[in-house]
Amino acid sequence: MSSSIRRKRGTPTVGVQVDIAPDVKALIDRYMRAADVPQWAIIEAAIRAGKPGPDGIPEGWDLPTQPRLDLDPSAGGEPVRRAG
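Chains are numbered independently. Their residues run from 1 in the order of the written sequence. With pLDDT at 70 or above as the cut-off, local features in this predicted model cover only qualifying residues; side-chain atom pairs require 80 or more to be listed or tallied, and sums for whole chains, interfaces and linings still use all residues. Working from all heavy atoms in the structure, the side-chain values ignore hydrogens and water.

**Q** How do you make sense of the overall build of the protein when you look at a structure like this?
**A** The helix count covers DSSP runs of H or I at least four residues long, the strand count covers runs of E at least two residues long, and both are numbered beginning at the N terminus. Looking only at helices and strands, one finds two helices and zero strands in the protein. The proportion of buried residues among the 84 residues of the protein is 12%. Exposure is judged per residue with a 1.4 Å probe applied to protein chains only, and the accessible area is read against the type maximum: over 50% gives exposed, under 20% gives buried, and values in between give partly exposed.

**Q** Would you take a moment to explain the packing of aromatic side chains for this structure?
**A** Two aromatic rings, taken as a pair, are described by how far apart their centres are and by the angle between their planes. Centres within 6.5 Å make a pair out of two Phe, Tyr or Trp rings, where for Trp the six-membered ring is used; the pair is then stacked when the planes are under 30 degrees apart, edge-to-face when over 60, and tilted otherwise. Across all of its chains, the model carries zero aromatic pairs by this definition. Sitting above the plane of the Trp40 ring, Arg7 keeps its charged end 3.7 Å from the centroid. Throughout this description, the term charge over a ring refers to an Arg CZ or Lys NZ atom that lies within 6 Å of the ring centre and within 35 degrees of the ring normal.

**Q** What am I meant to see in the pattern of salt bridges here?
**A** If the charged atoms of two oppositely charged side chains come close together, the side chains can form a pair. Any carboxyl oxygen of Asp or Glu within 4 Å of a side-chain nitrogen of Lys or Arg constitutes a salt bridge here. The tally for this structure, following the rule as stated, stands at three salt bridges. Salt-bridge contacts for Arg7 lead to Glu44; the nearest nitrogen and oxygen are separated by 2.4 Å. Remark: Glu44 occurs in helix α2 (residues 39–49) and Arg7 occurs in the segment before α1 (22–35); sequence separation between them is 37 residues. Taking the relative accessible area as the measure of exposure, Arg7 reaches 30% and is therefore partly exposed. Asp29 is paired through a salt bridge with Lys25; the nearest N and O atoms lie 2.6 Å apart. Taken together, the residues Asp29 and Lys25, both in helix α1 and four residues apart, mark about one turn of the helix. Taking the relative accessible area as the measure of exposure, Lys25 reaches 32% and is therefore partly exposed. Each of Arg7, Glu44 and Arg48 takes part in one network of salt bridges that share partners.

Right under this line is the structure:
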């Protein structure tokens, strides 16, 4: 998509590469077309629109609740290493 919206020259940025669900990518594409803005503008606007709740996570966000890896080095265990 070619857009007339550009960042000011010299604006600091960092790259992000993620795999997302196809329906989410379709929404991003739809929002890009409707607003005539590039993908980065949609992602930045969505993140900035979230208002953090008491736990620091934006209210209304449905984040995964899968078990997390315990990587706390103070727990006394050795990290799990994969055989290469």
